[in-house]
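# Summary of the model geometry
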Amino acid sequence: MFCLTLAERNYKNLFEKIEKGSKYTDLFEIRADYLEELNFFELENILKLPYKFIFTFRSYEEGGYKKISDKIKLEWILWALKENFYLVDIEWKFFKKFFFQFKDLNFDKALISYHDFKNSPLERYLMRLLLHMKERGVKKAKIVYMSKNLEDSLKLMNLIFKAKEKGIELISFGMGEKGKLSRILSLFCGSPFTYVVLSKDEAVAPGQFDIKSAIKVYNLLKEMVK
């Protein structure tokens, strides 16, 4: 239900944050773009822990910490898809660009993601996006953008239902303060989980909840919709 995003520079901190976060969740997102050094051995040791991990190598253009070549990024994503990760985040643009490298792999582990930090796309654009994802065999997806108002967030909540009709399990919410509540509301609409951080100052995206606040808001909303 809650995926704890871990954007750490080194593995010592990563292990410490996993230990702290395990009191609240068993699902963690490892932001590989934040690590100072990518190390197969260290990552394999993390995978030995009794939790679920999402491998994310976010591009600089979509909110990543640093610029990296497509060649290196592709090598790591292909490696992650063959390892025991719960999911591997692959950005939609990157997925399309290297589709023939991915098409014979297990799509059950691929989380195809789309981010827009500037615009709020029209509904017809989002529906076309879902259609194109379905045509490429996508089973799990994430679509998020900046919400300028409540209508933007509601559009994304509705998209979760539309995706389900197409056989796609979708994580979708609005970024920014205007979309903050939609991060929790999305769980009531069918999103399998939403992203949180351990503390407010660790947020890697606009409007991201810390996990204690997220749990509190979720429980309040749960009581209201009983």
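Residues numbered from 1 in each chain as written. Predicted model: local features only at pLDDT ≥ 70, side-chain atom pairs only at ≥ 80, totals over all residues. Heavy atoms only, no water.

### Observations concerning the overall build of the chain
Filter applied, for reference: Numbering of helices and strands runs from the N terminus; a helix is a DSSP stretch of H or I covering at least four residues, while a strand is a stretch of E covering at least two. Every radius of gyration here is taken over C-alpha atoms, with the globule rule written as 2.2 Å times N^0.38, N being the number of residues. Between two residues, a contact is recorded if the distance between any of their heavy atoms is within 4.5 Å. Accessibility throughout is a Shrake-Rupley quantity obtained with a 1.4 Å probe, and a residue counts as covered only by protein chains that appear here. Within this scheme the basic residues Lys and Arg register as positive and the acidic residues Asp and Glu register as negative, but His and the chain ends are omitted. The location of each charge is read from NZ of Lys, CZ of Arg, CG of Asp or CD of Glu.
If you tally the helices and strands in the chain, you get 9 helices and 8 strands. What you see for the chain is a C-alpha radius of gyration of 17 Å, in line with the 17 Å of a compact globule of 226 residues. Summarising its shape, the C-alpha atoms of the chain cover approximately 45 × 40 × 30 Å along the three principal directions. Taking all contacts inside the chain whose residues are at least 6 apart in sequence as the whole, residues at least 24 apart take part in 68%. Of the roughly 11,400 Å² that the chain leaves accessible, carbon and sulfur atoms contribute 52%. Taken together, the 40 basic and 31 acidic charged side chains of the chain have centroids lying 4 Å from each other.

### A word on the packing of aromatic side chains
Rule in force here: Two rings from Phe, Tyr or Trp (for Trp, the six-membered ring) form a pair when their centres sit within 6.5 Å of each other. Planes less than 30 degrees apart are called stacked, planes more than 60 degrees apart edge-to-face, and all others tilted. Only protein chains enter the area calculation, which uses a 1.4 Å probe; residues under 20% of their type maximum are buried, those over 50% are exposed, and those in between are partly exposed. Charge-over-ring placement is defined geometrically: NZ (Lys) or CZ (Arg) within 6 Å of the ring centre, and within 35 degrees of the ring normal.
Across all of its chains, the model carries 19 aromatic pairs by this definition. Taking 6.4 Å as the distance between ring centres and 50° as the angle between the ring planes, the aromatic pair formed by F94 and F102 counts as tilted. On the basis of an interplanar angle of 25° and a centroid distance of 5.0 Å, the ring pair of F188 and Y218 is categorised as stacked. Taken together, the residues F188 in helix α8 (residues 182–189) and Y218 in helix α9 (residues 211–224) connect sequence positions 30 residues apart. Classification of F188 as partly exposed rests on a relative accessible area of 33%. One aromatic cluster in this structure is built from W92, F94, F95, F98, F99, F100 and F102. Between K52 and the ring centre of Y86, over which it is positioned, the NZ or CZ distance is 4.9 Å. Its end group placed over the ring of F209, K180 keeps NZ or CZ at 4.8 Å from the ring centre.

### Side note on the pattern of salt bridges
Stated formally: Salt bridge, as used here: a side-chain nitrogen of Lys or Arg that lies within 4 Å of a carboxyl oxygen of Asp or Glu.
Within the structure shown, the criterion is met by 11 salt bridges. Taking the shortest distance from any N to any O, the salt bridge between R31 and D33 comes out at 2.9 Å. Overall, the relative accessible area of 0% leaves D33 in the buried class. Ionic pairing is found between E75 and K71, a salt bridge with its closest N-O pair at 2.9 Å. Here E75 and its partner K71 are both found in helix α3 (residues 70–82), 4 residues apart, which amounts to about one turn of the helix. For E75, a relative accessible area of 43% corresponds to the partly exposed category. The network of salt bridges with shared partners includes R58, K73, D89 and E91.

### Section: the UniProt feature "active site" (unreviewed entry) in the chain
The criterion, for reference: UniProt positions are given in the numbering used here, feature names are shortened, and annotations may be inferred rather than shown by experiment. Here a cavity denotes grid points, spaced 1 Å and computed from the protein atoms alone, that fit a 1.4 Å probe unable to get out, and a pocket denotes an open set having protein on both sides within 12 Å along at least 5 of 7 lines; residues with an atom within 4 Å of a point are the lining.
With numbering aligned to this structure, UniProt lists the feature "active site" (unreviewed entry) at H115 and K142. Judged by maximum C-alpha separation, these annotated positions cover 28 residues in sequence but sit close together in space, the widest gap being only 8.2 Å. Taken from the residues named earlier, the lining of the largest cavity is made up of H115 and K142. By secondary structure assignment, the location of H115 is in strand β5 (residues 110–116). Residue contacts for H115: discarding those within four places in its chain leaves R58, E62, K142 and V144. Relative to the helices and strands, K142 is located in strand β6 (residues 140–146). Classification of K142 as buried rests on a relative accessible area of 7%.

### As for the UniProt feature "binding site: 3-dehydroquinate" (unreviewed entry) in the chain
Sequence positions flagged by UniProt for "binding site: 3-dehydroquinate" (unreviewed entry) are, in local numbering, E29, I30, R31, R58, R183 and Q208. Annotated residues from the preceding list that form part of the lining of the largest cavity: these are E29, R31, R58, R183 and Q208. Mapped onto the elements, R31 comes out in strand β2 (residues 27–31). Not counting chain neighbours up to four residues away, the residues in contact with R31 comprise T5, L6, A7, T56, R58, G63, G64, Y65 and V204. Along the chain, R58 turns up in the loop between β3 (52–56) and α3. Among the residues examined, R58 registers a relative accessible area of 3% and is labelled buried. Filtering out sequence-adjacent residues up to four positions away, R58 remains in contact with E29, R31, D33, G63, G64, K73, D89, E91, S113, H115 and K142.

### Focus on the nonpolar core
Side chains of nonpolar character tend, in soluble globular proteins, to be buried together. Put simply, the rule is: For this analysis, a nonpolar core means a set of buried residues of the types Ala, Val, Leu, Ile, Met, Phe, Trp, Tyr and Cys, connected via side-chain atoms within 4.5 Å.
In terms of nonpolar packing, the biggest core is built from 72 residues, with F55, I90, F95, F102, M133 and I143 touching the most fellow members. With 7 residues, α3 is the largest single contributor of residues to this core. Dropping the residues within four chain positions of it, I143 is found in contact with Y114, L126, L129, L130, M133, L156, L159, L170, I171, S172 and F173.

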